[in-house]
Amino acid sequence: PALVRLSALPLLLPVLLGRARPRRGAAWGFVTAWFVGALLLAVLQARYAHTAALALAVLTGMAWQQVSRPAGRVLLVVALLPCLAAYASLPGFVGLRMYGRPNDLVTTGMAEVVTFLAATSPSPPAWSDPLGEAGGAVLAPWSYGHWIHWLGRRATVANPLGPYGQTGFHDAARFWLLADPRAARELLARHQVRWVVAPTSPDPPGALASLAGEDPRPWSLATPGAGDRFRRTMGARLAWSPGTPFLREIYRTGASRLLADGSLEPLLRVYEVLPSDQ
């Protein structure tokens, strides 16, 4: 993503600035500091490449204005060529295309799920009152969090903002790796979860362990028994063999995938957490 949004300009910018020979001034100092700070954030997380792109656009425009030699401007244009991957379907760069690619909300099945959640019951008090109780939460893969919040109008345990300030983020990933139903139920109760959205194609356990802040090595396929251990987890059970005592399947998406035996499998299942006396 950084290659598409920033292109090769961060690498060539020192050369361009050398050719531009910018005058010292508050504007150059401000924009340069803005870009360097944003670029450091983009290196840490690709989402911040958007912020860096804005600063880079301003800095590049200022450099362009002062580059008089044709060679410098040709170099600038060449540095922008990787941005074509955002507009055209190029081999090896399809996942980076920003225009004309499939809508993830639809292709994941979440368009159906958020519609179902929004119609199930009124939104929790916290939706209209920031001091209200955020009960009736939804536990789902973190990448679905914003959709669940804004379209499903439900509280989420984790969302794409990551672990920064989200006390439940690690638990939201750890849930899928739990093999003990009692521990899973306690986790759901702790976060006031009413619904669980389970993909029928679970995330790799090693990736989930990393998100949960745990050591991913025990989940490596090279580790003896890792496959059997994974099949006992909540993620595998809710994906392939519904029947957990305290969870009841109440919805499955019409969107599905074709299995090897010719049958169709829903992309997502939605479970309701049953009261403790059931």
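One structure accompanies this document, and this report is about it. (Residues numbered from 1 in each chain as written. Predicted model: local features only at pLDDT ≥ 70, side-chain atom pairs only at ≥ 80, totals over all residues. Heavy atoms only, no water.)

## Some details on the sheet that holds strand β3 (residues 247-252)
Two pairing modes exist for strands in a sheet, parallel and antiparallel, and in both the strands are linked by backbone hydrogen bonds. Pairing in this open sheet of 4 strands is mixed, and the strands run β1-β2-β6-β3 from one edge to the other. With partners counted over all chains shown, the strands left at the sheet margins are β1 (137-139) and β3, one partner each. The sheet shows a mean angle of 30° between the axes of neighbouring strands, direction not considered. (Pairing = 2+ DSSP bridges. Helix = DSSP H or I, 4+ residues; strand = E, 2+ residues; numbered from the N terminus. Axes fitted to C-alpha atoms, helices over the stretch in contact; angles between N-to-C directions.)

## Overview of the nonpolar core
Most often, soluble globular proteins have nonpolar side chains that are buried together. Membership of the largest hydrophobic core comes to 28 residues, with the highest contact counts inside it found for Leu139, Phe175, Leu188, Val196, Leu238 and Leu247. Elements supplying a minimum of two residues to this core: β1, α9 (169-174), α10 (181-190), β2 (193-199), α11 (205-211), α13 (234-240) and β6 (268-273). Within the second largest apolar cluster, 14 residues are counted, among which are Leu105, Val138, Ala140 and Ile148. (Core = buried A, V, L, I, M, F, W, Y, C linked by side-chain atoms within 4.5 Å. Buried < 20%, exposed > 50% of the residue type's maximum accessible area, 1.4 Å probe, protein only.)

## Some remarks on the packing of aromatic side chains
Per the stated rule, a full pass over the model turns up 5 aromatic pairs. Consider the rings of Phe175 and Trp176, whose centres lie 5.2 Å apart with planes at 80°: the pair is edge-to-face. Given the relative accessible area of 0%, Phe175 is considered buried. Here Arg229 stacks its cationic end above the ring of Trp219, 3.9 Å away from the centre of that ring. (Phe/Tyr/Trp six-rings, centres within 6.5 Å; stacked < 30°, edge-to-face > 60°. Lys NZ or Arg CZ within 6 Å of the ring centre and 35° of its normal.)

## A look at a nonpolar patch on the surface
Residues Val74, Val78, Leu81, Leu84, Leu90 and Phe93 make up a contiguous nonpolar surface patch of about 500 Å² in total accessible area. Take Val78: it is sitting in helix α5 (residues 70-79). (Patch = residues over 30% accessible without salt bridge, like charges linked within 9 Å, V, L, I, M, F, W, Y side chains within 5 Å. Areas by Shrake-Rupley, 256 points an atom, 1.4 Å probe, with all protein chains shown as cover. Salt bridge = Lys/Arg side-chain N within 4 Å of Asp/Glu carboxyl O.)

## A look at the packing of helix α4 (residues 49-66) against α5
At a minimum axis distance of 9 Å, the contact between α4 and α5 shows a crossing angle of 155°. Taken together, the axes of α4 and α5 lie roughly antiparallel to each other. Judged by the twist between their axes, the crossing of α4 over α5 is left-handed. When α4 is examined against α5, the residues Thr60, Trp64 and Gln65 are found in contact with a partner set consisting of Arg73, Leu76 and Val77. For the contact of α4 with α5, a count of residues per class yields 3 nonpolar, 2 polar and 1 charged. (Parallel < 35°, antiparallel > 145°, perpendicular 65-115°, else oblique. Left-handed = near helix turned anticlockwise from the far one by under 90°. Contact = heavy atoms within 4.5 Å. Nonpolar A, V, L, I, M, F, W, Y, C, P; charged D, E, K, R; others polar.)

## Observations concerning the environment of Leu9
In this structure, Leu9 sits in helix α2 (residues 9-20). Looking at Leu9, the relative accessible area reads 4%, which means it is buried. It is 28 Å that separates the C-alpha atoms of Leu9 and Pro160, two residues lying 151 residues apart in sequence. Not counting chain neighbours up to four residues away, the residues in contact with Leu9 comprise Leu16, Leu56, Thr60, Leu76, Ala79 and Leu80.

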